Amino acid sequence: MSSQSVAQAWTTSSTATAPAVDGGRLLRRIEELGRIGRDPVTGGITREGFSAADREARAYVMAEARAAGLCVAVDAAGNIIIRGSAAAAGERPVVLMGSHLDTVVNGGRLDGAYGVIAALEVVQAWAESGGGGGLEPVAVAFTNEEGALFPQPFFGSMVLAGRLAGLPREPLDHQGGPLRGPLALAGGDLDALGSAAWSSDAVAAYLEVHVEQGPVLERAGSRIGVVDGITGRDVLTVEIRGTAGHAGTTPMAGRADALAAASRVVLAAERIAAERGLCRVATVGRLHISPNSPNTVAEAVRLTADLRDTDAARMRNAEAALRDALADIARQTGTDIEVVGRVYSDPVATSADLRALIEETALELGVPYAVLPSGAGHDALVVADLAPVAMIFVPSIGGVSHVPEEDTAPDDLVLGAEVLLRTALRASGLPTGPRR
Ligand code: GLV
Ligand code: MN
Ligand code: MN
């Protein structure tokens, strides 16, 4: 559709006023959502994907959307899809906006949640002002972006993007418990995942607003970040099987101590990034030890190794080096070591056209912005398989994230949502209204 006919659709089917973000409503929802899964002592949020707290957060967002008169659906992957009206669905290509509601253990209240609430705000503001335009604004809350409980990060966005081959047939949590039941409790259906995949024709653009989670914007005095690329992520689930034994009577010689072997894996991963420079960062952040008893030699350990880089070839090299190290460690420690799961996402560049729209918006609003890469993974990384993607960052106070102290100034949260709205309007060829 030409931008002239899009603008015509807008003026004929909408009131004369361009949509505007309601900052008070946005901040109230962020505050209320941030109480769900909150530890009263640390203030950290624990809302692992598919946990009870995650379900509560999902229910909160769906209730807010329904109370606003919006149309809410849950797909087979448990993704929450929010549109202005069901009747218009499928008539126009979509400008999809969103992020995730799940968190890491003891994380912050903004990572992901902010992007979902901002997208809800945009869809609501757009609907309230008449709902016209050449693209249909749709908000999405993706399931299990973090992979904190179930080691399939980006689960919801992978399904939406049709990447089913990258997922296990019967996903399991870190303790071996199946996803099937918790997914059903979230309104999903493991046997119908294919029905949740979108075609690329349906999505004209995907926009995600997110806290930066690093120090770049704050240090530069920039209020908006325009993300030029998103780091790739390779998450391996590694199982180490040794032999359990009495801590006091099992001789050191001949032990097959799964935890001692796991410790070597932790250090091997660190060395791959820190000393050998094969990838930008490598982290083992989670170990599950069996039987996890102070006076028993560990029988088994399941851990995740998370490798990241902005260059796909370097990620492949780093993974190969880690696999070589695993084979060496198994030989040296008498354990069996197997990679039992892998979730891989190539690094992606964001769309130059969408970046230009974000920059125009920042200039229109007269706010300083910076162009920067994202070191964190985001659903946008996966949706890039389907559609042009772009990300808008707002500054993180102190540059911290995945910790209870994660925070962003309220004015910046409102500004980020306004930039999201205006960028989506521009993508639809619509006027953005006066600067407020
Ligand atoms: C996702 O939030 C990640 O980058 O770990
Ligand atoms: Mn995160
Ligand atoms: Mn996030």
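Heads up: the structure comes first, above all this text.
Thresholds applied
- Residues numbered from 1 in each chain as written.
- Chains lettered and ligands numbered in written order.
- Predicted model: local features only at pLDDT ≥ 70, side-chain atom pairs only at ≥ 80, totals over all residues.
- Heavy atoms only, no water.
- Donors = N, O, S within 2.8 Å, 3.2 Å for Na, K, Ca; no water.
- Helix = DSSP H or I, 4+ residues; strand = E, 2+ residues; numbered from the N terminus.
- Buried < 20%, exposed > 50% of the residue type's maximum accessible area, 1.4 Å probe, protein only.
- Near = heavy atom within 4 Å.
- Polar contact = N/O pair within 3.5 Å; in protein donor to acceptor, adjacent residues only side chain to side chain.
- Areas by Shrake-Rupley, 256 points an atom, 1.4 Å probe, with all protein chains shown as cover.
- Nonpolar A, V, L, I, M, F, W, Y, C, P; charged D, E, K, R; others polar.
- Salt bridge = Lys/Arg side-chain N within 4 Å of Asp/Glu carboxyl O.

Asker: So what about the coordination of the manganese ion (ligand 2)? Which residues, and what values?
Answerer: Protein-derived coordination of the manganese ion (ligand 2) comes from D111 (OD), E146 (OE) and H402 (NE2), at a distance range of 2.0 to 2.2 Å. All donors to the manganese ion (ligand 2) come from one chain, and their sequence spacing reads D-x34-E-x255-H. The distance between the manganese ion (ligand 2) and the manganese ion (ligand 3) comes to 3.7 Å, with D111 serving as a donor to both metals. Of the two residues, D111 sits in the loop between β3 (94-100) and α4 (113-128) while E146 sits in the loop between β4 (136-142) and α5 (155-160), which places them 35 residues apart along the sequence. E146 shares its class with D111; the two are buried.

Asker: Describe the site of ligand 1, and please don't skip the residues or the numbers.
Answerer: Around ligand 1, the neighbouring residues are E145, E146, R233, R308, A376, G377 and H402. Between R308 and ligand 1, the recorded distance is 2.7 Å, taken from a side-chain N or O atom to an oxygen atom. Take G377: an N or O atom from its main chain is 2.6 Å from an oxygen atom of ligand 1. Isolated, ligand 1 exposes 190 Å² of accessible area, and the fraction of that covered by the protein chains is 95%. For the shell around ligand 1, a count of residues per class yields 1 nonpolar, 2 polar and 4 charged.

Asker: Explain the pattern of salt bridges residue by residue, including any values.
Answerer: Inspection of the entire model under this criterion finds 28 salt bridges. Between E64 and R29 there is a salt bridge, and its shortest N-O distance comes to 2.8 Å. Here E64 is found in helix α3 (residues 52-67), whereas its partner R29 is found in helix α2 (residues 23-33), with 35 residues between them in sequence. Accessibility classification places E64 together with R29 in one group, the buried group. One salt bridge in this structure joins D306 and R233, with 3.0 Å as the shortest N-O distance. Pair noted here: D306 is in strand β11 (residues 300-309) and R233 is in strand β7 (residues 232-241), with a separation of 73 residues, a long-range link. By the burial criterion, D306 is buried, and R233 matches it.

Scope: geometric values only; no functional claims are made or implied.
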